[in-house]
Amino acid sequence: MIIVLKKGATKEEKENIINKIESLGLSVHVSEGKERTIIGAIGDESILRERPINSMPGVESVMPILKPFKLVSREFQKEDSIINISGDEIGGNKIQIIAGPCSVEDKESLLTTAKDVAKTGTAFLRGGAFKPRTSPYSFQGLGEEGLKYLKEAKEATGMRIVTELMDPRDLDVIYKYADVIQIGARNMQNFRLLKEVGGMDKPVLLKRGLSATIKEFLMSAEYIASEGNRQIILCERGIRTFETEMRNTLDVSVIPAIKRLSHLPVVIDPSHAVGRWDLVSAVSKAAIAAGADGLLIEVHCDPLNALCDGSQSLKPNKFAKLYEELKRIAKAVDRSL
Ligand code: PEP
Ligand code: MN
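Please read these numbers as outputs of a predicted model, since none were measured by experiment.

1. What to know about the packing of helix H6 (residues 191–198) against helix H7 (residues 214–226)
Link 1 in the chain: For the pair H6 and H7, interaxial distance at closest approach is 7 Å and the crossing angle is 45°. Judged by the angle between their axes, H6 and H7 are oblique. Taken as a pair, H6 and H7 cross one another with a handedness that is right-handed. Residues Phe191, Leu194, Lys195, Val197 and Gly198 of H6 pack against Ser220, Tyr223 and Ile224 of H7.
Link 2 in the chain: Among the residues making up the contact of H6 with H7, the classes are represented as five nonpolar, two polar and one charged.

2. A look at the coordination of the manganese ion (ligand 2)
Link 1 in the chain: All of the protein donors around the manganese ion (ligand 2) are Cys102 (SG), His272 (NE2), Glu298 (OE) and Asp309 (OD); their distances to the metal are 2.0 to 2.4 Å.
Link 2 in the chain: Within one chain, the residues serving as donors to the manganese ion (ligand 2) are arranged as C-x169-H-x25-E-x10-D. Of this pair, Cys102 sits in the loop between strand S7 (96–100) and helix H3 (107–119) while Asp309 sits in the loop between strand S14 (294–298) and helix H11 (316–332); the two residues are 207 residues apart in sequence, bridging distant segments of the chain. Both residues of the pair, Cys102 and Asp309, count as buried.

3. A closer look at the site of ligand 1
Link 1 in the chain: With respect to spatial proximity, the complete set of residues near ligand 1 consists of Arg126, Lys131, Pro132, Glu164, Gln182, Gly184, Ala185, Arg186, Lys207, Arg237 and His272.
Link 2 in the chain: Between an oxygen atom of ligand 1 and a side-chain N or O atom of Gln182, the distance comes to 2.9 Å.
Link 3 in the chain: Arg237 has a polar side-chain atom sitting 2.6 Å from an oxygen atom of ligand 1.
Link 4 in the chain: In isolation ligand 1 has 290 Å² of accessible area, and contact with the protein removes 97% of it.

4. Topic: the environment of Tyr223
Link 1 in the chain: Residue position: Tyr223 is located in helix H7.
Link 2 in the chain: Judged by relative accessible area, which is 29%, Tyr223 ranks as partly exposed.
Link 3 in the chain: Residues Tyr223 and Asn84, 139 residues apart in the sequence, show an inter-C-alpha distance of 21 Å.
Link 4 in the chain: Excluding residues that lie within four positions of it along the chain, Tyr223 makes contacts with Phe191, Leu194 and Lys195.

5. A short note on the sheet that holds strand S8 (residues 124–126)
Pairing between the strands of a sheet comes from backbone hydrogen bonds, and it takes one of two forms, parallel or antiparallel.
Link 1 in the chain: Strand order in this closed barrel of eight strands is S7-S8-S9-S10-S11-S12-S13-S14, and the pairing throughout is parallel. Going across the sheet, the axis of each strand differs from the next one's by a mean of 25°, ignoring polarity.
Link 2 in the chain: Pairing geometry for strand S11 (residues 204–207) and strand S12 (residues 232–236), over four bridges, is parallel. By the bridge assignment, Lys207 is partnered in S12 with Cys235.
Link 3 in the chain: Where H7 meets the sheet, its contacts fall on S11 and S12, and the angle it forms with S12 comes to roughly 160°.

6. What to know about the sheet that holds strand S1 (residues 2–5)
Link 1 in the chain: The strand order across the open sheet built from four strands is S2-S3-S1-S4, with neighbouring strands paired in antiparallel fashion. Across the chains shown, the open sheet's two edge strands, defined by having one partner strand only, are strand S2 (27–32) and strand S4 (59–63). Each strand of the sheet is rotated relative to its neighbour by a mean of 20°, with strand direction disregarded.
Link 2 in the chain: Here six bridges tie S2 to strand S3 (residues 37–42), and the two strands are oriented antiparallel to one another. Residue pairing across strands places Ser27 opposite Ile42, the latter belonging to S3.
Link 3 in the chain: The strands touched by helix H1 (residues 11–23) within the sheet are S1, S2, S3 and S4, with S3 carrying the most contacts at an inclination of about 10°.

7. Observations regarding the domain arrangement of the protein
Link 1 in the chain: Split into domains, the protein comes out as domain 1 (2–63) and domain 2 (83–332).
Link 2 in the chain: Relative placement of domain 1 and domain 2: their C-alpha centres are 37 Å apart.

Definitions and limits used
Residues numbered from 1 in each chain as written. Chains lettered and ligands numbered in written order. Predicted model: local features only at pLDDT ≥ 70, side-chain atom pairs only at ≥ 80, totals over all residues. Heavy atoms only, no water. Axes fitted to C-alpha atoms, helices over the stretch in contact; angles between N-to-C directions. Helix = DSSP H or I, 4+ residues; strand = E, 2+ residues; numbered from the N terminus. Parallel < 35°, antiparallel > 145°, perpendicular 65-115°, else oblique. Left-handed = near helix turned anticlockwise from the far one by under 90°. Contact = heavy atoms within 4.5 Å. Nonpolar A, V, L, I, M, F, W, Y, C, P; charged D, E, K, R; others polar. Donors = N, O, S within 2.8 Å, 3.2 Å for Na, K, Ca; no water. Buried < 20%, exposed > 50% of the residue type's maximum accessible area, 1.4 Å probe, protein only. Near = heavy atom within 4 Å. Polar contact = N/O pair within 3.5 Å; in protein donor to acceptor, adjacent residues only side chain to side chain. Areas by Shrake-Rupley, 256 points an atom, 1.4 Å probe, with all protein chains shown as cover. Pairing = 2+ DSSP bridges. Domains from an automatic or database assignment.

Set out below in structure tokens:
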């Protein structure tokens, strides 16, 4: 249920309303907008229908949230969410690029790639230390050693770190090094894991599952938000279709569709979507033109010898060229880069 407060509602009136909702066993989420305060009452809405909340002082209107996702819905919050990561915002006017290797392989290659990426002005460095590989015999990541290299790359370049958490048992160690915790496509519906990151005070980049509908995607975001963490960035990375020419099929329509349904920022991962470096630039530009708030791009200083996803990784010089081209697309859609 959404309870919209009157423009001049007092602090006391607001507190009375919150207390009333909580006394009925529902949880309260307050959204302080520029104009109005909105209180979200989450739980069994039928209880509220029987209680005259709308006649309480300070209440302007009471409306049901029609969508199954509540806290992440546009109904609940009209303004776009802007996620602030130590001063760098995702979801604001500036488009953010997150770039780096698929996985952290060794210190030298990570630092080489990171320094090249940083030269473009990119604020976020990606790199997996715990890798979700299809084969148990493939490189699984360096674990904490990889996280330490990411820390060194951060110190050398000033970039923020985006890295994947696969298992709640690694939460503490990932928390120590990550600025943004990535939840991979395969774990989009790992509800225990979502609840764990929902209880943390760190931004989460949630990737769309391989065959997840938009509704399922937003319900997973709701899992995180319902535990208190509202710093969520959604990431489309292509979905499974009958097409085999590309690794996956990039669903560009997801950007405007989600923007209508949710206030959360949307980032596109063109690399895992197409699975081929030669298509990455074109779809990156399409994503920005369609309203994406950022891109997550795999870049490797030596893709031919990469231990993971080399065939879809851009070399730093190609990435730098793309970055310049993206500036022009951004400008055309009234965004900065
Ligand atoms: C990744 O970004 O490293 C990754 C494994 O992607 P996805 O979860 O989208 O497959
Ligand atoms: Mn990868």
